[in-house]
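Structural characterization, general
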Amino acid sequence: MNSFQLYNPTRLLFGKGTVSQLGEHVKPYGKRILLVYGGGSIKRSGLYDEVIAQLNGIGAEVFELPGVEPNPRLATVHKGIERCRREKVDFILAVGGGSVIDAAKAIAAGVPYEGDVWDFCVRKAVIQEALPLGTVLTLAATGSEMNGNAVISDWEKKLKRGMGSKLIYPKFSILDPQLTFTVPRDQTVNGIVDMMSYVFEQYFSLTTDTPLQERFAESILQTVIENGELALKDGTNYAARANLMLCGTYALNGTLPIGVETDWATHAIEHEVSAIYDIAHGAGLAIIFPNWMKYVYKERVDRFVQYAVRVWNVDPRGKSDDEVALAGIEATRAYFTRIGAPATLGQLGIGGEMLDRMAEEAVRFGPIGNFKKLEKDDVRTILEMCL
Ligand code: NZQ
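Residues numbered from 1 in each chain as written. Predicted model: local features only at pLDDT ≥ 70, side-chain atom pairs only at ≥ 80, totals over all residues.

**What about the UniProt feature "domain: Fe-containing alcohol dehydrogenase-like C-terminal" (unreviewed entry) in the protein chain?**
Per the UniProt entry, the sites bearing "domain: Fe-containing alcohol dehydrogenase-like C-terminal" (unreviewed entry) are residues 188-384 in this numbering. With 66% helix and 0% strand, residues 188-384 has its two end C-alpha atoms placed 27 Å apart. (UniProt positions renumbered as here; feature names shortened; annotations may be inferred. Helix = DSSP H or I, 4+ residues; strand = E, 2+ residues; numbered from the N terminus.)

Structural data, given as structure tokens:
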């Protein structure tokens, strides 16, 4: 196990009716609030009215930034930054899924910064200061509600990039699983794949002597697998939605990577695909991950054997290690297919035209991943396997 630091300042307010605590948690940060939300799901569900009532209850003045896109755009972030500066906003409240939360984080970092907020995404500058923000989560997937990351797309340049800082952790996040009852089937599927993929990035590691971290990861995977299917059968199953929500948060809140060298190559590759084709992050991951697994598993067969046996109950008797490892990978693919996630880029209408560009961009700062260091040709091969 490697040495590590663990830092997570986000307060979680989890459970039925927790939106009723919103006002008291916003209050300490000031009265001028930027309310950031997406394309209208919060209006349809009635959550918008509840949020406004809470903010009115503390005498807040509310400015709005609606229309944040899935795969949030830099132009929208710029709009939010300008609004905050013009209205002298004290606090940003994101109400929605990962895209809304990420846009709010980028706005929070961009307001006090004199240059372009995109600088944080291309490692030209480091976040030194940020407005405080809080979230009300409506979709279980990215873990953005309890981490310091934000992913933004420059649509003009077809680039999708992330920024990270301890300064953009939400001060609090409200997680009422009932708010996810209205999440459509395809988004629920994407969320399930997303959570599992975060775990994979932190579980398939060359670091040894980390049994607790491995079992944390395996238990999140098993909980997602079981509850994912239950939530897909009945979207209003509170227990299933609650368990999925907690898994999404814990998959990416810093618990899993303690003392472990993580990978993240698959995410880097997926970001290149969704930057060009604007597909859902979870859909891209469902296609790429099983192929990445097949490409790299020989680097450490024992971890893939453990995964197959512990997570998918593959019976190792009478099989070689390679056979067990591959059975685990096949079980992953079969689960994704069973819940309705795509298996090939072709299914999403994506051909091979841009493979070179995507591979090149993925390794722009050098080889990606740690489980196996991937160069441009490796990335291209994995993408070819996805076609
Ligand atoms: O925009 P609205 O109308 O709210 O609709 C959204 C959107 O169309 C809808 N939705 C959300 N909650 C709903 C709902 N519909 C009905 N009922 C509800 N309760 O779902 C659609 C997708 O929302 P989005 O926020 O885009 O999904 P997700 O949470 O999966 O976020 C994806 C974004 O997060 C980034 C991804 O790259 C992508 O841009 N990521 C962020 C990370 C982070 N901050 O740590 C890490 C991830 O790897 C990821 O890259």
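The structure having been displayed, the exposition proceeds.
**Regarding the site of the ligand**
The immediate surroundings of the ligand are formed by 34 residues, with G38, P70, G97, G98 and S99 found nearest. When residues of the shell around the ligand are traced back to their parent elements, those giving at least two are helix 2 (41-45), helix 5 (98-110), strand 6 (149-154) and helix 6 (185-203). With four residues, the top contributor of residues to the shell around the ligand is helix 5. Of the residues belonging to the shell around the ligand, the class tally is eleven nonpolar, 21 polar and two charged. Looking at which domains feed residues into the shell around the ligand, each of domain 1 (11-179) and domain 2 (184-386) gives three or more. (Near = placed C-beta within 6 Å. Nonpolar A, V, L, I, M, F, W, Y, C, P; charged D, E, K, R; others polar. Domains from an automatic or database assignment.)

**A look at the domain arrangement of the protein chain**
Along its sequence, the protein chain is organised into domain 1 (11-179) and domain 2 (184-386). Using C-alpha coordinates to define each centre, domain 1 is positioned 27 Å away from domain 2. Listed as interface residues are 17 residues of domain 1 and, on the opposing side, 24 residues of domain 2. (Contact = placed C-beta atoms within 7 Å.)

**Side note on helix 10 (residues 281-296)**
In a regular helix each residue adds 1.5 Å, so 16 residues correspond to 22 Å; helix 10 covers 21 Å between its end C-alpha atoms and thus fits that length. Largest kink in helix 10: about 30 degrees, centred on I288, with the proline P290 one to four residues after it. Across the 16 residues that make up helix 10, a large majority, 14, are buried. (Expected span 1.5 Å × (residues − 1). Bend = angle between axes of the 7 residues up to and from the residue. Buried ≥ 20, exposed ≤ 12 C-beta atoms within 10 Å, placed from the backbone.)

**Structural notes on the pairing of strand 8 (residues 172-175)**
Along strand 8, one buried face is formed by F172 and I174 and the opposite face, lined by S173 and L175, is buried too. Inspection of the sheet shows strand 1 (residues 11-14) paired to strand 8 by four bridges, in the parallel sense. Note on strand 8: the bridge partner recorded for L13 is I174. Pairing analysis gives two bridges linking strand 5 (residues 133-137) to strand 8, with the strands arranged parallel. Among the inter-strand pairings, V136 is bridged to a residue of strand 8, identified as I174. (Pairing = 2+ DSSP bridges.)

**Quick word on the nonpolar core**
Ranked by size, the top nonpolar core spans 123 residues in total, and within it V36, I92, V95, A104, I107, A108 and V199 carry the most contacts. Both domains that meet at this core, namely domain 1 (11-179) and domain 2 (184-386), each give it at least three residues. Excluding residues that lie within four positions of it along the chain, A104 makes contacts with V36, I92, A94 and L133. (Core = buried A, V, L, I, M, F, W, Y, C linked by C-beta atoms within 7 Å.)

**Some words on the environment of G23**
Structurally, G23 is set in helix 1 (residues 22-26). C-alpha of G23 to C-alpha of L55: the two residues are 32 residues apart in sequence and 5.6 Å apart in space. In contact with G23, other than residues within four places in its own chain, are Q54, L55, G57 and I58.

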